[in-house]
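Structure at a glance
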Amino acid sequence: MKPDAILTGLFVPLVTPFTDDLRLAPDALARLADEALSVGGARGLVALGTTAEAAVLTAEEKRAVVRVCAAACRAHGAPLIVGVGTNDTAAAITSLRELAQSGDVAAALVPAPPYTRPGEAGTLAHFTALAEHGGLPLVVYDIPYRTGQTLSTGTLDALGHLPAVVGVKYATGAIDAAAMELLGSPAPGFAVLGGDDAVISPLLAAGADGGILASANVRTADYAELISLWRRDAAGPARRLGAELARLSAALFAEPNPTVIKGVLHAQGRIPSPAVRLPLLAASADSVRRAAALATDRTHQARQGAAA
Ligand SMILES: O=C(O)C1=N[C@H](C(=O)O)C[C@H](O)C1
């Protein structure tokens, strides 16, 4: 039996705010987490995703980030997903067990083992071990342009039939025959969440259950509305909002994620600094300006229009 279906709607993979001298800024993170769930109407949060610069956080910082996000999720009765990305199966199991012990984590977001490229059988064996020994529901993160490992529809289907695997974050960069096959007959209790921001609207149109979208750090309410529109079959307004948000996503991803997003959040006064840790470099002022010009939520646009 799969755990209850929690994976519909918008999940925001929060950035990790830093100070100008690159220290963690937990108060700013707490504000972002609260806003995403209250004003933004997100279904849940993702801590320690790619967008969180998880690769450059210390173990202690990771625990702090999870604590802050878990507190917000508890306060709003929202599910928390936590990223666990490693190509070391045993280390992943240890991390999953630690997270499971806290009782605060609804699921872990786990990529196909990055860099090692173990092949599809190795990837399946990796997830089977995590499912059997990790003690947490798993969301498979299918993102071959980052991991170097492609997954066929057959492998995704096999993963979807593992009892602990509750969904996939689908970020293959394409909505093609494989995507349509996946969406056409997902395994029971297996949610498909979009993870390519620029094409989230067509993926939702084709039946995805929701999305884990870095762009939703900005204009959270509009991304939540986009998902809701498609789920209500309101194709006309969904198409228009989807096209508008695709322009925003293109601008936010003009430089490596999350550099532009942090620049925009800083320009909006929502985080204390646009700072990112090496090997990322802060986004150019030009990219931030272009994205910031598209970053105002529709409700704010309407209010500004009425006041003018
Ligand atoms: O952190 C995430 O989760 C996401 N990361 C992706 C990336 O940086 O490749 C983008 C996606 O929107 C969510």
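Predicted, not measured: the structure shown is a model, and the values here were computed from it.

Section: the UniProt feature "active site" (unreviewed entry) in the protein
Listed under "active site" (unreviewed entry) in the UniProt record, and renumbered for this structure, are Tyr141 and Lys169. Taken together, the annotated residues stretch across 29 residues yet fold into one region, lying no more than 4.8 Å apart by C-alpha. Tracing the backbone shows Tyr141 in strand β5 (residues 138-142). Filtering out sequence-adjacent residues up to four positions away, Tyr141 remains in contact with Leu109, Val110, Pro111 and Lys169. Assignment of secondary structure puts Lys169 in strand β6 (residues 165-170).

Describing the packing of helix α4 (residues 119-133) against helix α6 (residues 153-160)
In contact at an axis separation of 10 Å, α4 and α6 are set at 15° when each is read in the N-to-C sense. Judged by the angle between their axes, α4 and α6 are roughly parallel. For the element pair α4 and α6, the recorded crossing hand is right-handed. In this structure, α4 uses Glu120, Thr123, Leu124 and Phe127 to contact α6, whose residues at the interface are Thr155, Ala158 and Leu159. In terms of residue class, the contact of α4 with α6 is built from four nonpolar, two polar and one charged.

Here we look at helix α2 (residues 59-76)
In this model, α2 (18 residues) spans 26 Å end to end at C-alpha, consistent with the 26 Å of a helix rising 1.5 Å per residue. Residues Lys62, Val65, Val66, Val68, Cys69, Ala70, Ala72 and Cys73 constitute the buried set of α2. Buried-residue contacts for α2 involve α1 (26-37), β2 (44-47), β3 (80-83) and α3 (89-102). At the C-terminal side of α2, Gly77 shows a positive phi close to 60°.

Overview of the site of the ligand
As a structural note, the neighbourhood of the ligand is formed by Pro13, Val46, Gly49, Thr50, Thr51, Gly195, Asp197, Ile212, Leu213, Ala214 and Asn257. Taken together, the residues that form the shell around the ligand break down as five nonpolar, five polar and one charged.

Structural notes on the packing of α1 against α2
Closest axis-to-axis distance for the α1/α2 pair is 9 Å, and the angle between their directions is 30°. Relative to α2, α1 is oriented roughly parallel. In the packing of α1 onto α2, the handedness of the crossing is right-handed. Side by side, α1 and α2 meet where Pro26, Leu29, Ala30, Ala33, Asp34 and Leu37 of the first sit next to Ala64, Val65, Val68, Cys69, Ala72 and His76 of the second.

A short note on the confidence of the model for the protein
Confidence in the prediction for the protein averages 96 pLDDT; 98% of positions are at 70 or higher. Among the scores for the predicted complex, ipTM is 0.93 and pTM is 0.96.

Remarks on the pairing of β2
Alternating residues of β2 divide into Gly44 and Val46 and Leu45 and Ala47, and every residue in both groups is buried. Of the strand pairs in this sheet, strand β1 (residues 9-13) and β2 are connected by three bridges, and their pairing is parallel. Each residue of the ladder has a partner; that of Pro13, found in β2, is Val46. With α1 bridging β1 and its parallel neighbour β2, the resulting β-α-β unit is right-handed. As paired elements, β2 and β3 share three bridges and run parallel to each other. Its bridge partner being in β3, Val46 is matched across the sheet by Ile81. With respect to chirality, the unit in which β2 leads through α2 into the neighbouring parallel β3 is right-handed.

Rules and cut-offs
Residues numbered from 1 in each chain as written. Predicted model: local features only at pLDDT ≥ 70, side-chain atom pairs only at ≥ 80, totals over all residues. UniProt positions renumbered as here; feature names shortened; annotations may be inferred. Helix = DSSP H or I, 4+ residues; strand = E, 2+ residues; numbered from the N terminus. Contact = placed C-beta atoms within 7 Å. Axes fitted to C-alpha atoms, helices over the stretch in contact; angles between N-to-C directions. Parallel < 35°, antiparallel > 145°, perpendicular 65-115°, else oblique. Left-handed = near helix turned anticlockwise from the far one by under 90°. Nonpolar A, V, L, I, M, F, W, Y, C, P; charged D, E, K, R; others polar. Expected span 1.5 Å × (residues − 1). Buried ≥ 20, exposed ≤ 12 C-beta atoms within 10 Å, placed from the backbone. Near = placed C-beta within 6 Å. pLDDT = per-residue confidence, 0-100. Pairing = 2+ DSSP bridges. Right-handed = clockwise from strand over helix to strand, strands pointing away.

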